[in-house]
Amino acid sequence: MNSPASFMDAPALFSADGLLGIIFLIMIAVTLTGGFIAATAERLVRALAGIVICFTGVAGFYYFLNSPFMAMMQILIYVGAICITISFAIMLAAPERTRKTGPANLLSGPLGFIIAALVFGGMCALALRTQWEPFAKSATGTVREIGIELLTNHSMVFELISLVLLIAIIGAIVIARGGRTG
Amino acid sequence: MQDLMAILPLVATGAGAILLMLAAAFESFRKEGISIMGIGLFAFAFFVQLAVANSGSFAPYSGVLNGMLATSTFTKVAGLIILACGFFSAIAAQAYFTQNKGFVLEFYCLMLFAACGMLLLTMAAELITLFIALEIMSLAIYALVGYDRKSVRRSEAVLKYLMLGAFAGAFYIMGTVFIYAGAKSTSFRVITDVIATTGFLSNPPLVGGAFLILFAFLFKAAAFPFHAWVVDVYDGAPLPVTGFMATAVKTAVFAVLANFLMISSDLQAAWVDYLFYIAVFTMFAGNLIAIAQNNLKRMLAASGIVHSGYLIIALVAIQAKTFTGGAMLFYLAAYALATLGIFAALSYLAGEEERRVSFDDFKGLARVRPYSAACISIFLLSMAGIPPTAGFMGKFYIIASAFQAGHVSLAILGIVSSILSMWYYLRLIVLMYFREPEDRFEVAEMTLAPLGTIILAICVFAISFYPVVL
């Protein structure tokens, strides 16, 4: 079992590593804050704003995971495209201001808490018990590398994505427009 | 050439779906033409799958596709069952839409895409390919469940299914990440090698990953404690779609579960104890839910949970070294025949806008429509496991394999659950035969669905003679 690194091993605050560590901590704070806002907001638009903050923080994680391209795409696709689409949906559907909730089940609160705690405990145990080793060949996360990987080792996935998109489009048309009737 | 043969069923379903979409653009191809074409394409895909059945076990295009797909006898038979389910569901859909409004030309196209996703699921030998296949299947099924936006029940069903399905998908992705962290690859072959060298339980990310992935599949298979969505979703979906979901999706998901557990005998051994309890709770929870139902569709949904329980018994009993999947596939085929039969019969008996769906609506059916009542009785008896039907042989093989693997208590609990299930299957038969009819059971003129029902009823007896090597 790994012994957690002691506080004395931490890099000095005003070194390059130390500053990076602070930025990393900020990213964690941004993600958690965003997630908290999204989960607790009374109004849908505020929850969406929380998601935007959360996704931005996740983009930061991707950067630290040595994948700047993924970080860029996260901002472009999730923060940009998906959240804007959700905001359009909210505007078009015009949901009611007041939040309606069904009759609260006495058990559901504690049960949900217990399950969440179990998942959290499980993840912690997993993280602490594993001997994390860096990969022998670390990827640089460039677009070129991702492109080569997609068209060689994962060509099947690349092909199948087109099928997923086709079905998503047909499904959206059938549900939203009622499809073509015979 | 052999490579092409192996993926030909995928091409037949995928290209068939696109062809159907293009054909819908022509004025001359309307409802009837598209229905017949959809049924024909499923039949064609079935015969393609049958023709490639003896092409051997290998990874097609291993150079280009990097071993992401693999075929074996198990996957090919599962594919046959899936395509047969598609064929009979398409026949049921044709009957359903002669009496119900809301037909869309994309209906059969989505069914073919769903079948394509299911075939991919059974063949996938790599976790990312598997996820994409799962999404292809799920997206098509979501659209099939909720295509009628004006109906509140359909919308409720699709919303529940979509939310919980997305949740299961997230579990799956998380599990894939952990497995990649543990094995440094997503390919089944490499994971097998890693487990062989490092061991399964001594590699925590692998344990966590397998745990999350199995959760995702148990959700799709409607196993306890992830069974609560089934009844509402199956009830809200259109009749032929419910039949398709109950049979084809279940076949694909159990094929994947078996493939995944077969990655390594260590992985399966670590899970046997938990699967044991899941099987027991799934069977009894399903029975309790089914006994309380008054609606036929909801009863069939709940009985689907019970049948998932039996299939999990088969998962507990499989042995990695000598795995053929025979018992499981036979059970899936037997269950699919009976369920498809009932849904095919219901699709024309239910009448306009699914009028007749509760038990009481079928009082005295035998007096008015004796052949339909006889067929439904055969299907119900097969589900209950009465000899000499296929359902009995299916249960016999599964329970025998449980005995063989040394799980005597599980086998006995399986028999007890089977006896409990007689309650709700026989109840319908009693209502059909021993009550006076209150309804004239008038339905629109049609030939395909009643014919399909009779063929399925004959198959229920016919396949019970097919011997399976355990």
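Everything numeric in this text was worked out from a predicted model, so none of it was measured. (Residues numbered from 1 in each chain as written. Chains lettered and ligands numbered in written order. Predicted model: local features only at pLDDT ≥ 70, side-chain atom pairs only at ≥ 80, totals over all residues. Heavy atoms only, no water.)

(A) Representation of the overall build of chain B within the structure. Broken down by element type, chain B carries 19 helices and zero strands. The C-alpha radius of gyration of chain B comes to 21 Å, within 12% of the 23 Å expected for a compact globule of 470 residues. Along the three orthogonal principal directions, the C-alpha set of chain B runs to about 70 × 55 × 40 Å. Out of the 470 residues in chain B, the part that is buried amounts to 63%. Within chain B, contacts between residues separated by at least 24 positions form 81% of all contacts whose residues are at least 6 apart in sequence. Chain B carries 25 positive and 23 negative side-chain charges, and their two centres are separated by 2 Å. (Helix = DSSP H or I, 4+ residues; strand = E, 2+ residues; numbered from the N terminus. Rg over C-alpha atoms; globule rule 2.2 N^0.38 Å. Buried < 20%, exposed > 50% of the residue type's maximum accessible area, 1.4 Å probe, protein only. Contact = heavy atoms within 4.5 Å. Lys, Arg positive; Asp, Glu negative; His and termini not counted. Charge placed at Lys NZ, Arg CZ, Asp CG, Glu CD.)

(B) The arrangement of the side chain of B:Ser377 in detail. All names here are of chain B. Structurally, the position occupied by Ser377 is in helix 16 (residues 370–384). Classification of Ser377 by relative accessible area gives buried; the value is 7%. At 2.7 Å, the side chain of Ser377 and the backbone oxygen of Ala373 are in polar contact. Those residues in contact with Ser377 that sit more than four places away from it in its chain are Ile429, Met432 and Tyr433. (Polar contact = N/O pair within 3.5 Å; in protein donor to acceptor, adjacent residues only side chain to side chain.)

(C) Spotlight on the pattern of salt bridges. All names here are of chain B. Taken as a whole and judged by the stated rule, the model has six salt bridges over all chains. For Arg153, the salt bridge is made with Asp235, and the minimal N-O distance between the two is 3.8 Å. Within this pair, whereas Arg153 is found in helix 7 (residues 152–183), its partner Asp235 is found in helix 10 (residues 228–236), the two being separated by 82 residues in sequence. On the accessibility criterion, Arg153 (41% relative accessible area) is partly exposed. The class of Asp235 is buried, set by a relative accessible area of 10%. Linking Arg367 and Glu436 is a salt bridge whose minimum nitrogen-to-oxygen distance equals 2.9 Å. Separated by 69 residues along the polypeptide, Arg367 in helix 15 (residues 365–368) and Glu436 in the loop between helix 18 (408–434) and helix 19 (448–462) bring together distant segments of the chain. (Salt bridge = Lys/Arg side-chain N within 4 Å of Asp/Glu carboxyl O.)

(D) Examining the interface of chain B and chain A more closely. Taken together, the contact between chain B and chain A spans 41 residues of the former and 30 residues of the latter. Note on chain B versus chain A: buried area summed over both sides is about 3100 Å², and carbon and sulfur give 78% of it. Sorting the residues of chain B by area buried against chain A places B:Glu106, B:Ile132 and B:Lys184 first, and these three jointly supply 16% of that buried surface. Between the two partners, chain B and chain A, sit zero salt bridges. (Buried area = accessible area lost by both parts, 1.4 Å probe.)

(E) Examining the confidence of the model for chain A more closely. When pLDDT is averaged along chain A, the result is 83, and 84% of the positions lie at 70 or above. Taking the mean pLDDT of every element in chain A, the minimum, 85, falls on helix 5 (residues 143–151) of chain A and the maximum, 91, on helix 2 (residues 44–64) of chain A. (pLDDT = per-residue confidence, 0-100.)

(F) How the structure looks around the environment of B:Leu10. All names here are of chain B. Counting through the fold element by element, Leu10 comes out in helix 1 (residues 2–23). Leu10 sits in the buried class, given a relative accessible area of 10%. Between the C-alpha atoms of Leu10 and Tyr161, which are 151 residues apart in sequence, the distance is 26 Å. Residues within four places of Leu10 in sequence aside, it is in contact with Leu69, Cys116, Leu119, Leu120 and Met123.

(G) Quick peek at the layout of surface pockets. If you add up the space inside the second largest pocket, you get close to 1200 Å³. Contributing to the lining of the second largest pocket are 37 residues, with B:Phe171, B:Phe211, B:Leu212, B:Phe215 and B:Phe226 lying nearest its centre. Every element with two or more residues in the lining of the second largest pocket is listed here: helix 4 (108–129) of chain A together with helix 7, helix 9 (204–220), helix 10 and helix 12 (265–291) of chain B. Looking at the lining of the second largest pocket element by element, the count peaks at 10 residues for helix 4 of chain A. Split by residue class, the lining of the second largest pocket holds 33 nonpolar, three polar and one charged. (1 Å grid on protein atoms, 1.4 Å probe; cavity = no way out; pocket = protein on both sides within 12 Å on 5 of 7 lines; lining within 4 Å. Points joined across faces, edges and corners; volume = space filled by probe spheres on them. Nonpolar A, V, L, I, M, F, W, Y, C, P; charged D, E, K, R; others polar.)

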